[in-house]
Every structure is written in structure tokens, then in C-alpha cells.
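# Observations on chain architecture
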Amino acid sequence: RQEFSAKAPLSLVLVSDISKVHNKRDLGAMDAGYVSENIYLICTAMGLKTVARATMEHDALVRELHLSDTQIPMLNHPVGK
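So, how was this worked out
Residues numbered from 1 in each chain as written. Predicted model: local features only at pLDDT ≥ 70, side-chain atom pairs only at ≥ 80, totals over all residues. Heavy atoms only, no water. Helix = DSSP H or I, 4+ residues; strand = E, 2+ residues; numbered from the N terminus. Buried < 20%, exposed > 50% of the residue type's maximum accessible area, 1.4 Å probe, protein only. Areas by Shrake-Rupley, 256 points an atom, 1.4 Å probe, with all protein chains shown as cover. Lys, Arg positive; Asp, Glu negative; His and termini not counted. Charge placed at Lys NZ, Arg CZ, Asp CG, Glu CD. Salt bridge = Lys/Arg side-chain N within 4 Å of Asp/Glu carboxyl O. Polar contact = N/O pair within 3.5 Å; in protein donor to acceptor, adjacent residues only side chain to side chain. Pairing = 2+ DSSP bridges. Contact = heavy atoms within 4.5 Å. Core = buried A, V, L, I, M, F, W, Y, C linked by side-chain atoms within 4.5 Å.

Turning next to the overall build of the protein chain. When its secondary structure is counted, the protein chain shows three helices and three strands. Traced from its N-terminal end to its C-terminal end, the protein chain shows the element sequence α-β-α-β-α-β. The buried share among the 81 residues of the protein chain stands at 28%. For the protein chain, the accessible area works out to roughly 5,800 Å², and carbon and sulfur atoms hold 56% of it. Distance between charge centres in the protein chain, computed from 9 positive and 9 negative side chains, equals 6 Å.

Put into C-alpha cells, the structure is as follows:
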């Protein structure tokens, strides 16, 4: 829905598998936050730009990535210059 994200040459999708933590989505969100911070750090070090986004087409991602019912897209990071 946001034009810049559609044009990014790379988009990282952080997925939480809630079957591993007895359906506690909050733990997956917390872990996604930690990973997101590291994505910001490496992009900055490499002279790239990114932004953490929770806005995404969940149904389309689940279908295209062949995710199970317990695998939930949490965040995505378009990466570019």
C-alpha cells in the first residue's frame, strides 16, 4: 500500500511460529522487535535504509510463503538505498 515498500529491492519478513511458545503471540512480537533493531543496525552500517512496518498483506504473505496457521507475519523491513 505504500509505494516505497513496493519498490524496495529487498523486503525482510519477520515471522513468529506461535506453536513453539504455546500460542503466546506476545513473545513472538518481542523477539521480532529484537531482530528488527538488528536489521536497523546492519542497514545503517552498510549505508542502507529501512523501516520496520507492521502494515502488510497478511493473507497474501501467508499464501505466498506457504505459512502454517501457527506462523504469523509480525513485521517487515523494506531495504534499499
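With that settled, consider the side chain of arginine 53. Inspection of the secondary structure puts arginine 53 in the loop between strand S2 (49–50) and helix H3 (58–64). Buried within the structure, arginine 53 lacks any salt-bridge partner; its nearest side chain of opposite charge belongs to glutamate 57, at an N-O separation of 8.2 Å. Among the polar contacts made by the side chain of arginine 53, one reaches the main-chain carbonyl oxygen of threonine 55 at a distance of 3.4 Å.

Take glutamate 64: it is sitting in helix H3. Glutamate 64 gets classed as exposed once you look at its relative accessible area, which sits at 58%. It is 18 Å that separates the C-alpha atoms of glutamate 64 and alanine 8, two residues lying 56 residues apart in sequence.

In space, the three strands of this open sheet follow the order S1-S3-S2, with antiparallel pairing throughout. Single-partner strands in this sheet number two, and they are strand S1 (10–17) and S2. As judged from the eight bridges shared by S1 and strand S3 (residues 71–80), these two strands associate in the antiparallel manner. The partner of serine 16 across the bridge, within S3, is isoleucine 72.

This paragraph deals with the environment of methionine 56. Position of methionine 56 relative to the elements: it lies in the loop between S2 and H3. In the structure, methionine 56 is positioned 19 residues away from leucine 75 in sequence and 8.1 Å away in space, judged by C-alpha atoms. If near-sequence neighbours (up to four positions away) are discounted, methionine 56 is found in contact with Leu61, Pro73, Met74, Leu75 and Asn76.

Topologically, methionine 74 is positioned in strand S3. Sequence separation between methionine 74 and valine 15 is 59 residues; the distance between their C-alpha atoms is 5.5 Å.

Glancing now at the nonpolar core. General note: in soluble globular proteins, nonpolar side chains tend to be found buried as a group. If you look at the biggest cluster of nonpolar residues, it comprises nine residues: Leu14, Ile18, Ala32, Ile39, Cys43, Ile72, Met74, Leu75 and Val79. Broken down by secondary-structure element, the contributors of at least two residues to this core are helix H2 (25–45) and S3. Those residues in contact with valine 79 that sit more than four places away from it in its chain are Ala8, Pro9, Leu10, Leu12, Cys43, Leu48, Lys49 and Thr50.

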